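Listed below, chain by chain, are the residues.
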Amino acid sequence: MALPGYWHNVCTLTTKTESMPKVLYIKKHPFGKNFLAITLTEFILTVAPLNNYDLNHEMIHVKQQRELLYLPFFIWYGIEWLILYFKYRDWTKAYFHIRFEKEAYQHQGDLSYLKRRRHYNYL
Ligand SMILES: [Zn+2]
């Protein structure tokens, strides 16, 4: 587990003045084996080492959660997932249509995205 490397990777994704979340290894993802990592407030929990794109994805969620002051993010996320499930009748398909995931998947490949991202960009 190369944690110092992780810190370096996370730090290059965003501005230097911002505080960094902690990356922690867990044995099992709460949503099952198709999921790699989950971001809960200032913690990124992961079952395996994350590459730069995965980290960028999770860092986008960190930003989303910070700007919604954490709890409202999870309420919004959960309600939207449920509504989309009733629309698509498929949890995975619904997941990929959650606005927070759409922003994260759309921009995870752009490693400078977080440096110029506008607040509430998922709206
Ligand atoms: Zn995500």
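Residues numbered from 1 in each chain as written. Predicted model: local features only at pLDDT ≥ 70, side-chain atom pairs only at ≥ 80, totals over all residues.

Draft legend 1. How the structure looks around the pairing of strand β2 (residues 37-40). Judged by which residues are buried, β2 turns out to be one-sided: A37 and T39 face inward and are buried, whereas I38 and L40, on the alternate face, are not. Relative to strand β3 (residues 43-46), β2 runs antiparallel, the two sharing four bridges. Among the inter-strand pairings, A37 is bridged to a residue of β3, identified as T46. The turn linking β2 back onto β3 is made up of two residues, and T41 within it adopts a positive phi angle of 50°. (Buried ≥ 20, exposed ≤ 12 C-beta atoms within 10 Å, placed from the backbone. Helix = DSSP H or I, 4+ residues; strand = E, 2+ residues; numbered from the N terminus. Pairing = 2+ DSSP bridges.)

Draft legend 2. Quick look at the packing of helix α2 (residues 52-67) against helix α5 (residues 99-107). Where α2 meets α5, the axes come as close as 9 Å, and the angle between the chain directions of the two elements is 140°. The angle between the axes of α2 and α5 places the two elements in the oblique class. Helix-helix and strand crossings are classified by hand; for α2 and α5 the assignment is right-handed. Judged by residue contacts, H57, I60, H61 and Q64 of α2 engage F100, E103, A104, Y105 and H107 from α5. In terms of residue class, the contact of α2 with α5 is built from four nonpolar, four polar and one charged. (Axes fitted to C-alpha atoms, helices over the stretch in contact; angles between N-to-C directions. Parallel < 35°, antiparallel > 145°, perpendicular 65-115°, else oblique. Left-handed = near helix turned anticlockwise from the far one by under 90°. Contact = placed C-beta atoms within 7 Å. Nonpolar A, V, L, I, M, F, W, Y, C, P; charged D, E, K, R; others polar.)

Draft legend 3. Up close: unusual backbone geometry. Phi at Y70 is positive, roughly 65°, even though this residue is not glycine. Structurally, Y70 is set in the loop between α2 and α3 (71-88). Located in the positive-phi region is Y120, a residue other than glycine, with phi close to 55°. Looking at where Y120 falls in the secondary structure, it is placed in the segment after α6 (113-116). A residue is classified by how many C-beta atoms lie within 10 Å of it, and Y120, with 11 of them, is exposed.

Draft legend 4. Quick look at the confidence of the model for the protein. The pLDDT averaged across the protein works out to 89; a share of 90% of its residues lies at or above 70. Mean pLDDT values for the elements of the protein range from 61 in helix α1 (residues 3-13) up to 98 in α3. (pLDDT = per-residue confidence, 0-100.)

Draft legend 5. Structural context of α5. Those residues of α5 that sit buried are E101, E103 and A104. The arc that holds every buried residue of α5, seen down its axis, measures 160°, which confines them to one face. (Arc of directions from axis to C-beta.)

Draft legend 6. Expanded view of the sheet that holds strand β1 (residues 22-25). A sheet is described by the order of its strands in space; here three strands give the open sequence β1-β3-β2, paired in mixed fashion. The open sheet has two free edges, formed respectively by β1 and β2, since each of these has just one partner strand. Mean inter-strand twist for the sheet, computed between neighbouring axes without regard to direction, equals 20°. Of the pairings in the sheet, the one linking β1 to β3 comprises four bridges and is parallel in character. Paired with L24 across the two strands is L45, which belongs to β3. Contacting β2 and β3, α2 runs over the sheet at an angle of about 25° to β2.

Draft legend 7. Summary view of the environment of T12. Along the chain, the position of T12 falls in helix α1. By C-beta crowding, T12 is classed as partly exposed, having 15 other C-beta atoms within 10 Å. Residues T12 and L36, 24 residues apart in the sequence, show an inter-C-alpha distance of 21 Å.

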